[in-house]
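Letter by letter, the chains look like this.
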Amino acid sequence: MPYSVGLQTAASAFLSAGFATQFTFGVVIFLLIVFAISTFQTEEADAPVPLPSYSIFTILPFFRKRYDFLNWGFHATGQSVFQFQLLRNKVIVVSGESARQTFFTAKGLDLTEGFKILSGAIPMVRGVTSNLQPRRIAMIHKRLAAVQRNAPLNDLIPLILDDSRRIMETWGSAGKFDPFDNVYTLLFQTTLRSLSCTEISNDPQVVSRLKTLYDKLDNGTTPATVLVPWLPTPAMIQKLWATKEIYDIVTDAIHTREQSGVSRNDTLQMLLDCGDEKLVVVGFIMGLLIAGARATGTTASWMMTFLGCHPDWRARAAAEVQGLLAGNPLSSSNTESLSARLAMLPLEVWESETPVLDAIIKETTRVAQPHTAMRRNLGPPVYIDGKIIPTGAYVVYPFSDVHLDPELYPDPWAFNPGRAEVNKEVPFSYVGWGGGKTLCLGTRLAKVELKLIAAMFLLGFRHSVVNKAGLPTMPTPNWNDILLCRPPPEKTGYISYERSDIPL
Ligand code: HEM
């Protein structure tokens, strides 16, 4: 038949064309499918209002400028709940007090499924960090709880302090750095120390390689890698390659440990001693690192920035730590180094005798954690403010809705750890560590890490925040950067520091 010959000719021409032509053709077909899908949407009566215009270009800012995009959506629809399509996926954005309450407590709304499609930053190793059976996820969470029991967390304190000392010593006696480079790197080290093994965290070259690879995963998350993960874009290939390299580093370390027959006091040993299957061990280290290191790194970078901009709070926090050192007979000696003295303070002191540091961490996670919580409705349809969230739909709640609400937090962008507590009647008025059904499972570890590095830096250094020209500046968190909340380059706040006379 003539048309089949025509098709055959076209097919051979396509197959013999170069990759660029095939790729362009693939993208065109893909956009046509998107258009067709979006044109034939029908909506139920109680469906949330859709965005006024829809095209793939309208929703690109969901990935690139999320804060602006979501605010625009609320504004353009004039609603507190609206929806848009991410290809075949319906995404419903909710806001307001009652929406928040349902969002955090509804049984069918699932974090893992929501995160998988909408975030795309997690290394995708099928069966290891993606498509994990709930049983394996539950096991990883159980082990994470075990790492944060009193004894292992206490054991981590001197190690985290020693890592901090070693890295801070490389900063020299005075200088200037971008906290999103240096403080972030420090937290990557301490989180890796806490969640992996001695072999990896004692080797600066491997740590630095891993940091580069995790950065590649974060930065390689483009709209295409999330929406069409099967499309072999350069970003996707880079991401897969980075994931494979991380996987190899982690499995090599496990292999080395098993072969050595030497038992060490670290998290890997705990996991191996529990007899967990390899997938749980690798999934634990790979998956939790990306969740843990980025969040603690962001919070620490902002905490140092805020303290450099607010000498009053800096002084109060430093005095708090000095008071703890002086009040403990073991740590009060001035002959030991700062890290050694801080290591003598037991876990319960760090957890229950630091109200100033607690207030600083809480305020930092309120104003500089640009999280948009994501869920998928795996249960029956749920109603939020009278709008239906059908089974299978995605629903997102931007933390800005509550954390930057001027009714709850007057002058919301200002860093003020002394601000009045929000009325207890307001549900989920602070969700910095999650809320309801989904609470952060690394809170204990993260808070201890943040307090230890703050103590080291506040007593070991003097610091302030300056712009490129060296003049005092006060950067504002950039909620459009969904990873670090990092200000644009021209508004970078550098930490300008000099060593105090206390030996690290
Ligand atoms: C300053 C540091 C951190 C902050 C501010 C933070 C914050 C959060 C928040 C807000 C959530 C809830 C997300 C949502 O509802 O969508 C969450 C969940 C979670 N966090 Fe963290 N986190 C931090 C550090 C860590 C660390 C160090 C780990 C691991 C060692 C970790 C492990 C987790 C896990 C596993 C969940 C998911 C819980 C679940 O599936 O129910 N986090 N975190």
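Being a predicted model, the structure only gives us computed values, none of them experimental. (Residues numbered from 1 in each chain as written. Predicted model: local features only at pLDDT ≥ 70, side-chain atom pairs only at ≥ 80, totals over all residues. Heavy atoms only, no water.)

### Some remarks on unusual backbone geometry
Both trends apply: most residues other than glycine have a negative phi, and most peptide bonds are in trans.
Reasoning step 1: Even without glycine at this site, D385 takes up a positive phi of about 50 degrees.
Reasoning step 2: Topologically, D385 is positioned in the loop between β7 (382-384) and β8 (387-389).
Reasoning step 3: With a relative accessible area of 40%, D385 lands in the partly exposed category.
Reasoning step 4: Look at D411: it is not a glycine, yet its phi comes out positive at around 50 degrees.
Reasoning step 5: Mapped onto the elements, D411 comes out in the loop between α21 (400-403) and β10 (434-435). (Helix = DSSP H or I, 4+ residues; strand = E, 2+ residues; numbered from the N terminus. Buried < 20%, exposed > 50% of the residue type's maximum accessible area, 1.4 Å probe, protein only.)

### Section: the packing of aromatic side chains
Reasoning step 1: One pass over the structure, following the stated rule, counts 25 aromatic pairs.
Reasoning step 2: Ring centres of F62 and F63 lie 5.3 Å apart, and the angle between their planes is 85 degrees; this geometry places the pair in the edge-to-face category. Of the two residues, F62 and F63, neither departs from the other in class, the shared state being buried.
Reasoning step 3: Relative to F104, the ring of F103 lies with its centre 5.3 Å away and its plane at 80 degrees, an arrangement referred to as edge-to-face. The pair F103 / F104 is uniform in exposure class, with both members buried.
Reasoning step 4: An aromatic cluster is present here, built from F62, F63, F69, W72, F74, F82 and F84 joined pairwise through their rings.
Reasoning step 5: The ring of Y430 has K362 sitting right over it, with the charged end atom 4.9 Å from the ring centre. (Phe/Tyr/Trp six-rings, centres within 6.5 Å; stacked < 30°, edge-to-face > 60°. Lys NZ or Arg CZ within 6 Å of the ring centre and 35° of its normal.)

### Some remarks on the confidence of the model for the chain
Reasoning step 1: Per-residue confidence for the chain gives a mean pLDDT of 88; residues scoring 70 or more make up 87%.
Reasoning step 2: This model gives residues 1-11 a pLDDT under 50, and the stretch forms zero contacts once residues within four places in sequence are excluded.
Reasoning step 3: Predicted confidence is poor over residues 34-42, with pLDDT under 50, and the contacts of this stretch with residues over four places away or in other chains come to seven contacts. (pLDDT = per-residue confidence, 0-100. Contact = heavy atoms within 4.5 Å.)

### Here we look at the site of the ligand
Reasoning step 1: Taken together, 25 residues sit near the ligand, with T299, H371, R375, W433 and C440 positioned nearest.
Reasoning step 2: Between H371 and the ligand, the recorded distance is 3.0 Å, taken from a side-chain N or O atom to an oxygen atom.
Reasoning step 3: Between the ligand and R375 there is a distance of 2.8 Å, counted from an oxygen atom to a side-chain nitrogen or oxygen.
Reasoning step 4: Looking at the shell around the ligand, the elements that each hand over two or more residues are α8 (134-147), α16 (278-309), β6 (372-377) and β11 (438-439).
Reasoning step 5: Of the residues forming the shell around the ligand, the biggest block, five residues, is contributed by α16.
Reasoning step 6: Within the shell around the ligand, the residues separate by chemical class into 13 nonpolar, 11 polar and one charged. (Near = heavy atom within 4 Å. Polar contact = N/O pair within 3.5 Å; in protein donor to acceptor, adjacent residues only side chain to side chain. Nonpolar A, V, L, I, M, F, W, Y, C, P; charged D, E, K, R; others polar.)

### Considering the sheet that holds strand β12 (residues 461-466)
Reasoning step 1: Read across the sheet, three strands follow the order β5-β13-β12 without closing on themselves; strand pairing throughout is antiparallel. Of all strands in the sheet, those bounded by a partner on one side alone are β5 (174-177) and β12. Taking the axes of each pair of neighbouring strands and ignoring which way they run, one obtains an average angle of 20 degrees across the sheet.
Reasoning step 2: In terms of strand pairing, β12 meets strand β13 (residues 494-499) through six bridges, oriented antiparallel. Its bridge partner lying in β13, V465 is registered against I495.
Reasoning step 3: Relative to the sheet, helix α22 (residues 443-460) contacts β5, β12 and β13, its axis offset from that of β12 by approximately 95 degrees. (Pairing = 2+ DSSP bridges. Axes fitted to C-alpha atoms, helices over the stretch in contact; angles between N-to-C directions.)

### Focus on the sheet that holds strand β1 (residues 49-50)
Hydrogen bonds between backbone groups are what pair the strands of a sheet, and the pairing can be parallel or antiparallel.
Reasoning step 1: The strand order across the open sheet built from six strands is β1-β2-β3-β9-β6-β4, with neighbouring strands paired in mixed fashion. Of all the strands in the sheet, just β1 and β4 (109-110) have a single pairing partner and so form its edges.
Reasoning step 2: Pairing geometry for β4 and β6, over two bridges, is antiparallel. Considered in β6, the bridge of D110 is made with R376.
Reasoning step 3: Relative to the sheet, helix α5 (residues 66-77) contacts β1, β2 (81-86), β3 (89-94), β6 and β9 (394-398), its axis offset from that of β2 by approximately 120 degrees.
Reasoning step 4: On the sheet, helix α6 (residues 97-105) packs against β3, β4, β6 and β9 and is oriented at approximately 125 degrees with respect to β9.

### Quick look at the environment of Q148
Reasoning step 1: Mapping Q148 onto the fold places it in the loop between α8 and α9 (150-169).
Reasoning step 2: Note on Q148: relative accessible area 6%, which makes it buried.
Reasoning step 3: The sequence separation of Q148 and T443 amounts to 295 residues, and the corresponding C-alpha distance is 9.0 Å.
Reasoning step 4: Not counting chain neighbours up to four residues away, the residues in contact with Q148 comprise L153, L441, G442, T443, R444 and L445.
Reasoning step 5: A distance of 2.7 Å separates a polar side-chain atom of Q148 from the backbone oxygen of L441.

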